[in-house]
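Commentary on secondary and tertiary structure
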Amino acid sequence: MSSPLHLSLTSCCFPLRSRNSILERQFDRTPRMNSITFFNSTLFLCLPLSSFLSQDAQIISWLQEFRSCVTQLNKDHEQLIYTVLRLPWVSRSQAVVEEYMTFLSNLVSAQTVYLCSCLKMVVSHFTPKRVTICEGGVDISDSDDEDDNLPRNFDRCHQALQLITRYVPATSRFLMPIVQENFPFVQKSSRTLECYVHNLLRMTVYIPSIRRDVLEVIIGKMLKLDVSGSPVNQSALWGREGEKSQFIFNFESNADQPPNTTVMAHPVAERLDTLMAVMMSYIKDVCHVNGSVHVERTKELYKDLLSVFDKLILPTHGSGHVQYMHFYLCSFRLALAEAFLDHLWKILQSPSQPAVLRQAAAGFMGSFLARAKFVPLPTVRACLDLLLSWIHRYIDSQDSSGRQACCDISLHGSFYSACQAVFYTLIFRHRGMLEGNMKKGLEYLQSLNLERVVMCQLNPLKVCLPLVTNMFAAITRKYQVVFCYSIIERNNRHMLPVVRSSAGGDSVTTNTNPLDSFFPFDPYLLKSSGQLIEPLYQVWEELADSELLPAKIGQKGSREDEDDFLCGEIPQSEGIVGMTPSSYDSNLRSPSSVGSPPFSYQKPF
C-alpha cells in the first residue's frame, strides 16, 4: 500500500506530466535506467524543493537511486542534476550530508561534464545566506543569516571540495575562475567578505597549488577597498588655495562609543580591517607550528606574497594598509626583512625596470627602514650604504657627462626617490645611530658625505617633499653634519624649472613639487588589525624645540608642516601629495577560527 507521501507526490506530479515530455524522451534513450528511478526523477523535477525538504529519508532514497544510475546521467539530464545541486544539503542531517557527498564524488567521477557545476555549488555556500524580512510586499530588512551552525556548514563544504579534488585531480584548473566569478562585491557586508576570504584561504591548505592565485584574487579586491578610501587619491580632500578640508573618513571614534573600542565609523574601513585581520591570522598560522616559526612554510608563503607584491601592490599608488601583510610577515625573521629590502633594492637600481616601479621601490625601502622596529641598526646602516653609494655614482655620471644637470623629474625620478628614502630613514633612525656612542655615530653620518648629495646640481632638496627636507635640515643642523637652510632658502625663492612633459612631445609643465610620492608604511589606522602592527611599528618621536628650525625659512606654513609631520598628518602645502593614508573606521566580527584554517584538512576527507 502506498504511503501518504507517495500518494501526495503522485497527485502533484500527474498534472505536470506534459511539461516533462522532453525529460521522458531523454530517459527513453537510456533503457538501463529502471522505472522506479525514472518515476522518482520525474516527481523530483515536478515539485518545488519546499514540498519535500523536511523528509531526510526521502532525500537519501532519491540520492541513492541517482547514484545507482550515475553513468546514465549525462549532459541530456542536466535539468535533473541542477535540481539536485540546488538542494540546501549543508544544513541537513549528517546522514543526508554523507549521502550527498557520496553522490557528488560518483557524479564527478562518472560525468566530468558536471564538474564546474558542482564546484559552483560548493563555492556558493562560502558566504552566509541572506535573510529578507518583508512587510506589505516591501523588503524592510536584508541582512546576513546569523546561523550558529555556519562553521559546521563551512566544514562540510570543504569536505565536499576535498572529495571532488581527490577524484578529479585537475579540479584546481577549473576552480580559480569560479572563485573569481563568485567573489562578493566589495561593497557587501564585512561579514560576507570575511567568510568568503576565510574559505578561500582554507582551500589553500589542501590545494596548495592554487595559493598564489588565491592570494592574488584576495589582495586585488583588498587594494580596491584600500585605494578607494585613501585621501591620497581624493581630489575633494583639499579646499581651494591649499586650505585643508575635512577628511572623508573620521579619524576619531564616535562620541557615543566606549573608550578603547576597536570600532570605527566608516563601512569601507570596517571591511578592510576585517579582511586584514583574516589575512594576518592566516599568515601567522601558516608560518608557525607549536608557537615557533616553521622555516620552509614561511619561505614558501613569502615567495607567494612577494609575487603578488610585485604584480599588484608595488604598481598601485596610494594603498595605505594592504602592504602591511608583508610588513607583518617580515617581522617573523630578520632574514625575511633583509630579503624584502634586497628585493626592493634590486628593483630600484635596475635600469631595466620602469621608472615608476623604481620610484615606488625607493619609497617602500625608505619607509620600511624608518618604521620597522624589528629591523636592527646594522641592517639600516647597510641599506643606507647601498643607497648612498648608488646616489654618489649617479652624481658622478651626471658630472662626467659634460652637460648641465637640471631638476628634471622625468629623467632623474629614481635619483630623487632614493634621496628622499635616505632623508626619511635618517629622520627616524638618527637617534638610534647616535645613542650609546655619539662619536662613532657622528663619524658614520659624516662618512655618508651627505653634503655632496644636497649641494649637487640635481638639487634633491628642491624636489623632495618639503616636509622631509625641512625635518632633515633641522636634524643635520643640530649635529652639524650638513647645512641645508641656505639651499632651501634659495629654492624657495624660485619656482622649479620647466620640466619635460611625461606625456612626451614639445609640451612643458611647471610644478611646485612634481615628485608624486608617498610613504607606504605611514601610520596604520585600522584599529582591530592594527593591534598586531602596533608592537612592530616605529612611531614618530617628537623633536625637542632646539632641534627644530628657529626661524621661518621663507616658506609660508613651514612650522605648521613640521607639526603635521609630527602628528602623522598631511601637510598644508599646495601641490604636495599626502604622506598619510586615509583614516578608516572598523569593526571585526569573526566566525569560528577565522583566518586560521585547520591543518588537519591537509588529509583528504
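I will try to describe carefully the structure that is included in this document. (Residues numbered from 1 in each chain as written. Predicted model: local features only at pLDDT ≥ 70, side-chain atom pairs only at ≥ 80, totals over all residues. Heavy atoms only, no water.)

Moving on to the packing of helix α17 (residues 377-399) against helix α18 (residues 409-434). Taken N-terminus to C-terminus, the directions of α17 and α18 make an angle of 145°; their axes are 10 Å apart at the nearest point. In the crossing of α17 with α18, the sense of the turn from one axis to the other is left-handed. Contacts from Leu-377, Val-380, Arg-381, Leu-384, Leu-387, Leu-388, Trp-390, Ile-391, Tyr-394, Ile-395 and Gln-398 in α17 reach Leu-411, His-412, Ser-414, Phe-415, Ala-418, Cys-419, Val-422, Thr-425, Leu-426, Arg-429, Gly-432 and Met-433 in α18. Counted by class, the contact of α17 with α18 contains 16 nonpolar, five polar and two charged residues. (Axes fitted to C-alpha atoms, helices over the stretch in contact; angles between N-to-C directions. Helix = DSSP H or I, 4+ residues; strand = E, 2+ residues; numbered from the N terminus. Left-handed = near helix turned anticlockwise from the far one by under 90°. Contact = heavy atoms within 4.5 Å. Nonpolar A, V, L, I, M, F, W, Y, C, P; charged D, E, K, R; others polar.)

With that settled, the discussion passes to the packing of helix α10 (residues 190-206) against helix α11 (residues 211-228). Packed helices, taken two at a time, are described by their axes: the angle between them and the distance between them. Direction vectors running N to C along α10 and α11 enclose 165°, while the axes themselves pass 9 Å from each other. In this view, α10 runs roughly antiparallel relative to α11, as classed from their interaxial angle. Judged by the twist between their axes, the crossing of α10 over α11 is left-handed. On α11, the residues touching Val-197, Leu-200, Leu-201, Met-203 and Thr-204 of α10 are Arg-211, Val-214, Leu-215 and Ile-218. Of the residues that constitute the contact of α10 with α11, the class distribution is seven nonpolar, one polar and one charged. (Parallel < 35°, antiparallel > 145°, perpendicular 65-115°, else oblique.)

The next thing to look at is the packing of aromatic side chains. The final tally for this structure, using the stated rule, is 28 aromatic pairs. Taken together, a centroid distance of 5.8 Å and an interplanar angle of 75° make the contact between Phe-327 and Phe-368 edge-to-face. One end of the pair, Phe-327, is in helix α14 (residues 324-330); the other, Phe-368, is in helix α16 (residues 355-371), with 41 residues separating them in the sequence. Aromatic side chains Phe-327 and Tyr-537 sit 6.4 Å apart centroid to centroid with 55° between the ring planes, which places their arrangement in the tilted category. Here the residue Phe-327 occupies a position in helix α14, and Tyr-537 occupies one in the loop between α24 (527-533) and α25 (558-567), the gap between them amounting to 210 residues. Overall, the relative accessible area of 7% leaves Tyr-537 in the buried class. Here the aromatic cluster, defined as three or more aromatic residues joined through ring pairs, consists of Phe-309, Tyr-324, Phe-327, Phe-340, Phe-364, Phe-368, Phe-374, Phe-521, Tyr-524 and Tyr-537. Positioned above the aromatic ring of Tyr-444, the side-chain terminus of Arg-381 is 5.8 Å from the ring centre. (Phe/Tyr/Trp six-rings, centres within 6.5 Å; stacked < 30°, edge-to-face > 60°. Buried < 20%, exposed > 50% of the residue type's maximum accessible area, 1.4 Å probe, protein only. Lys NZ or Arg CZ within 6 Å of the ring centre and 35° of its normal.)

It is worth spelling out the pattern of salt bridges at this point. Within this structure, the stated rule accounts for 13 salt bridges. Here Asp-304 and Arg-212 are joined by a salt bridge, their closest N and O atoms 2.9 Å apart. Residue Asp-304 is found in helix α13 (residues 295-313), and its partner Arg-212 is found in helix α11; the two are separated by 92 residues along the sequence. In this structure Arg-212 comes out as partly exposed when scored by relative accessible area, which is 37%. The closest approach of N and O atoms between Lys-303 and Glu-300, which form a salt bridge, is 3.8 Å. Highlighted residues: Lys-303 and Glu-300, both in helix α13, separated by three residues, approximately one helical turn. (Salt bridge = Lys/Arg side-chain N within 4 Å of Asp/Glu carboxyl O.)

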